[in-house]
Amino acid sequence: MLLRKNPGWTIAERQATPETLFFGRRAALAAAGLAGTGVALPTRRAGAVDLPTAMRNPRYRPERALTAEREATTYNNYYEFGSHKTISAAAQRLPQRPWTLRVEGLVERPGEFALDDLLRRVPVEERVYRHRCVEAWAMVVPWSGFQLSELMKLAAPLGSAKYVRFETAAVPSAMPGLRQSWYPWPYVEGCTIQEAANELSFMVVGAYGKPLPPQNGGPVRIHFPWKYGFKSGKSLARVVLTDQRPKSFWEQIQPQEYGFWANVNPAVPHPRWSQASERLLGTEERVPTQLFNGYGEFVSGLYEGVQGERLWF
Ligand SMILES: Nc1nc2c(c(=O)[nH]1)N[C@H]1C(S)=C(S)[C@@H](COP(=O)(O)O)O[C@H]1N2
Ligand SMILES: [Mo]
């Protein structure tokens, strides 16, 4: 069969999709008051899983065309599955349900959430965000998810909590990369409590109107659109509130190159390459990189008090 590859600017397919998704039979049943009434419902699209309806939030405009779904879901960085970009097939081995997210540490209400239960307790929406990898490629993806601040509300951080640590699930039976024992597994990332409270910090459970595929960090990942992509840890198992600044996976491996803050800045080169421009997945077009990846109006205030720290790498 001939596979025709869509150029990245082709968004007709996505435009044809309604902006509401059927993420959630049980949630939809509950909302409609039909649970257990035996009322016949329209058949769902094949492959749909339990996720709530997500309306696109128009506040976050990408000002760029969407990346073709095929590009965003087949060119991935996920070291648990390999140190190259073609891990999407291998990642299908990561079971997506049942999935438990533990929230613990310095919180009033530590808890273990079954992901589907959690999704009934938070407002789910779609946001089109730019994503900028530190390797200077970039994409624009319609993610579905909920604000990290909603999870924080459920857990109620103590006053002593200063940071949030995000831990990726370590599943040896699915993740061949874990056998590379020189890496400091599990993949850990982190942010400050103020960054976690920022409206942009987004827990992602879907992409392109579908459940988030495992290669993109399904079933649940974090996304910080103003930071380099490595800050956005995938397939999260634990979120820990702490008074210690988390030392992230990449910071442990190469502290001269990858720091805690990692805010996007075109003026501060990586030690081995320029960050002035970026390559758009799919079209391969090169465009100028923006300070805070273009999200300065939302986040620049977070860093006004931070002095003597390398905010940019
Ligand atoms: N657990 C885990 N999370 C991860 C990574 C990883 O290797 N392992 N790579 C990061 C990097 S460097 C980037 S750019 C993004 C890539 O996300 P994508 O595959 O959805 O584009 O995931 C980030 N999250
Ligand atoms: Mo990255």
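Structural notes on the layout of surface pockets
Move 1: In this model, the largest pocket occupies a volume close to 380 Å³.
Move 2: For the lining of the largest pocket, the residue count by class is 12 nonpolar, 9 polar and 5 charged.

Observations concerning the pairing of strand E3 (residues 111-114)
Move 1: In the sheet, strand E2 (residues 100-105) pairs with E3 via 4 bridges, with the strands oriented antiparallel. By the bridge assignment, Thr100 is partnered in E3 with Ala114.
Move 2: Hairpin connection of E2 to E3: 5 residues between the antiparallel strands.

A few points about the environment of Leu291
Move 1: Note that Leu291 resides in the loop between strand E13 (286-288) and helix H9 (296-299).
Move 2: Here the alpha-carbon distance between Leu291 and Pro266, two residues 25 residues apart in the chain, equals 6.1 Å.
Move 3: In contact with Leu291, other than residues within four places in its own chain, are Val264, Asn265, Pro266, Gly296 and Trp312.

Some remarks on the site of ligand 1
Move 1: Among the 19 residues in the neighbourhood of ligand 1, the closest are listed as Tyr79, Glu80, Asn216, Arg221 and Lys234.
Move 2: For ligand 1, an oxygen atom lies 2.9 Å from a polar atom in the side chain of Asn76.
Move 3: A distance of 2.8 Å separates a nitrogen atom of ligand 1 from a polar side-chain atom of Glu80.
Move 4: If ligand 1 stood free it would expose 530 Å²; the protein chains cover 99% of that surface.

Reading the values: rules and limits
Residues numbered from 1 in each chain as written. Chains lettered and ligands numbered in written order. Predicted model: local features only at pLDDT ≥ 70, side-chain atom pairs only at ≥ 80, totals over all residues. Heavy atoms only, no water. 1 Å grid on protein atoms, 1.4 Å probe; cavity = no way out; pocket = protein on both sides within 12 Å on 5 of 7 lines; lining within 4 Å. Points joined across faces, edges and corners; volume = space filled by probe spheres on them. Nonpolar A, V, L, I, M, F, W, Y, C, P; charged D, E, K, R; others polar. Pairing = 2+ DSSP bridges. Helix = DSSP H or I, 4+ residues; strand = E, 2+ residues; numbered from the N terminus. Contact = heavy atoms within 4.5 Å. Near = heavy atom within 4 Å. Polar contact = N/O pair within 3.5 Å; in protein donor to acceptor, adjacent residues only side chain to side chain. Areas by Shrake-Rupley, 256 points an atom, 1.4 Å probe, with all protein chains shown as cover.

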